[in-house]
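# Observations on the three-dimensional arrangement
Chain by chain, the residues:
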Amino acid sequence: MRPVVIAHRGASGYLPEHTLPAKALAYAMGADYLEQDVVAARDDALVVLHDIHLDRVTDVACRYPGRQRQDGRYYVRDFDLGELKSLEVHERSNADGSPVYPDRFNSTDEIFRIQTFAEELDFVQTLQAADGRPVGIYPEIKRPEWHRHEGVDITPQFLGILADFGYEEHSDPVYVQCFDAKELRRIRRELGCRLKLIQLIGEDSWGESSTRYAPLRAQQGLERLARTVDGIGPWIRRAYRVARGNGEIRSTGLVQRAHTAGLAVHPYTFRADELPEGFASFDALLTFFIDELSIDGLFTDFPDQVVQFVRRNSV
Ligand code: CA
């Protein structure tokens, strides 16, 4: 079956991540789902940003000098929505200010802003009404445990906003994703959420949650996950290995194990300008994952290229 194309932070290969123009572009490129990452502001407003920090994608350090924490970072949680909306969003940069992806959008003439989760959902519905093509959403609850330590339980509010926009049933075009396995169980069991759920699987060293990921990749862990979630979003590097010597690409069996457990598999992140180890081209990468591993969907910064690949290869 044709894999679903998830626009990772929008068409982030072309325009600054998580801005509405990046979402509109992804929609126009034919993406099946638009991703939102959701973080809480000081006044508990939920905004669409990838990090709990602001400094790598906005001009916060110039606008609000002295508002950083001990670690030197500026936190979304320390700013009210009005302040966040005054910031300008730019292409992602490293700690030293250099661009993470030097070939991406680099103009400073255009002004991009932060929007709330509700504003983005409204924007997505307006786009669909104008064009007629349906598109799904793929929101992530960021760091629920960390947010609770900061005094805010973001999940009920997050689910409430989805319900306000009519996303309540399992058949609705939405996947809710989270790295935190405990939070996903809570969402399904305690909060009674019927939406499709995706367990993101990262590396313990990333510190995204207190979930330990290695057991989740084993058959038993996947079978257990299938009682709660509809699919997994594994890091791309855990789905294959590169043979030493001849460089041959082989499956680790993760995708097959997940399929055996009845789970959909949506790996991340497919970037044409940052190919993972072992692949010489974006086409080779897509061919392996789509044709060999039969993934069910994928997160990409370049939705146009994946949509074109899928169309070419599904004739
Ligand atoms: Ca995400």
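A quick note: this is a predicted structure, and the numbers were derived from the prediction, not measured.

## A look at the environment of Asp172
- With respect to the helices and strands, the residue Asp172 is situated in the loop between helix 6 (154-164) and strand 5 (175-178).
- The buried category is assigned to Asp172, whose relative accessible area is 16%.
- The spacing of Asp172 and Ser210 is 38 residues in sequence and 29 Å in space, taken between C-alpha atoms.
- Leaving out residues up to four positions away in the same chain, Asp172 has contacts with Gly166, Tyr167 and Lys196.

## Considerations on helix 4 (residues 117-131)
- Between its terminal C-alpha atoms helix 4 stretches 21 Å, which fits the 21 Å expected from 15 residues at 1.5 Å a residue.
- Phe117, Glu120, Leu121, Val124, Leu127 and Gln128 are the residues of helix 4 that are buried. Buried residues along helix 4 cover an arc of 120° about the axis, so they all sit on one side. Opposite its buried face, helix 4 presents the exposed residues Ala129 and Ala130, each directed more than 90 degrees away.
- Residues of helix 4 that are buried make contact with helix 1 (20-28), strand 2 (33-40), strand 3 (46-48), strand 4 (136-141) and helix 6.

## Concerning the packing of helix 4 against helix 6
- It is at 10 Å that the axes of helix 4 and helix 6 come closest, and there the two elements cross at 25°. Taken together, helix 4 and helix 6 sit at an angle that is classed as roughly parallel. In this structure, the crossing between helix 4 and helix 6 has a hand that is right-handed. Seen from helix 4, the contacting residues are Phe117, Ala118 and Leu121; seen from helix 6, they are Phe158, Ile161 and Leu162.
- Of the residues contributing to the contact of helix 4 with helix 6, the split by class is 6 nonpolar, no polar and no charged.

## What about the pattern of salt bridges?
- Applying the stated rule across the entire model yields 30 salt bridges.
- Among the ionic pairs, Arg77 bridges to Asp44, the shortest N-O distance being 2.7 Å. Residue Arg77 is located in the loop between helix 2 (60-63) and helix 3 (81-86), and its partner Asp44 is located in the loop between strand 2 and strand 3; the two are separated by 33 residues in the primary sequence.
- The exposure class assigned to Arg77 is buried, which follows from its relative accessible area of 10%.

## Structural notes on the nonpolar core
- If you look at the biggest cluster of nonpolar residues, it comprises 76 residues, and the most contacted ones within it are Phe117, Phe158, Leu162, Ile232, Phe270, Phe289 and Ile295.
- With residues up to four places along the chain from it excluded, the contact list for Phe270 reads Ile236, Phe282, Leu285, Leu286, Phe289, Ile295, Leu298, Phe299, Thr300, Asp301 and Phe302.
- Within the second largest apolar cluster, 23 residues are counted, among which are Ala45, Val57, Val60 and Leu81.

## Some remarks on the side chain of Thr211
- Inspection of the secondary structure puts Thr211 in the loop between strand 6 (196-201) and helix 8 (214-217).
- A distance of 3.5 Å separates a polar atom in the side chain of Thr211 from the backbone oxygen of Phe179.
- Beyond its immediate stretch of four places on either side in the chain, Thr211 contacts Phe179, Asp180, Ala181, Lys182, Asp204 and Leu216.

## A short note on the layout of surface pockets
- The volume enclosed by the largest pocket comes to roughly 870 Å³.
- Arg9, His50, Trp206, Tyr268 and Arg271 are, among the 37 residues lining the largest pocket, the residues nearest its centre.
- Tallied by class, residues from the lining of the largest pocket come to 11 nonpolar, 9 polar and 17 charged.
- Counted as a void, the second largest pocket has a volume near 380 Å³.
- Forming the boundary of the second largest pocket are 23 residues, of which Ala181, Arg185, Leu216, Arg224 and Leu225 lie nearest the centre.
- For the lining of the second largest pocket, the secondary structure elements donating two or more residues are helix 5 (144-149), helix 7 (181-190), helix 8 and helix 9 (219-225).
- Counting residues per element, the lining of the second largest pocket draws most heavily on helix 7, which supplies 6 residues.

What counts as what
- Residues numbered from 1 in each chain as written.
- Predicted model: local features only at pLDDT ≥ 70, side-chain atom pairs only at ≥ 80, totals over all residues.
- Heavy atoms only, no water.
- Helix = DSSP H or I, 4+ residues; strand = E, 2+ residues; numbered from the N terminus.
- Buried < 20%, exposed > 50% of the residue type's maximum accessible area, 1.4 Å probe, protein only.
- Contact = heavy atoms within 4.5 Å.
- Expected span 1.5 Å × (residues − 1).
- Arc of directions from axis to C-beta.
- Axes fitted to C-alpha atoms, helices over the stretch in contact; angles between N-to-C directions.
- Parallel < 35°, antiparallel > 145°, perpendicular 65-115°, else oblique.
- Left-handed = near helix turned anticlockwise from the far one by under 90°.
- Nonpolar A, V, L, I, M, F, W, Y, C, P; charged D, E, K, R; others polar.
- Salt bridge = Lys/Arg side-chain N within 4 Å of Asp/Glu carboxyl O.
- Core = buried A, V, L, I, M, F, W, Y, C linked by side-chain atoms within 4.5 Å.
- Polar contact = N/O pair within 3.5 Å; in protein donor to acceptor, adjacent residues only side chain to side chain.
- 1 Å grid on protein atoms, 1.4 Å probe; cavity = no way out; pocket = protein on both sides within 12 Å on 5 of 7 lines; lining within 4 Å.
- Points joined across faces, edges and corners; volume = space filled by probe spheres on them.

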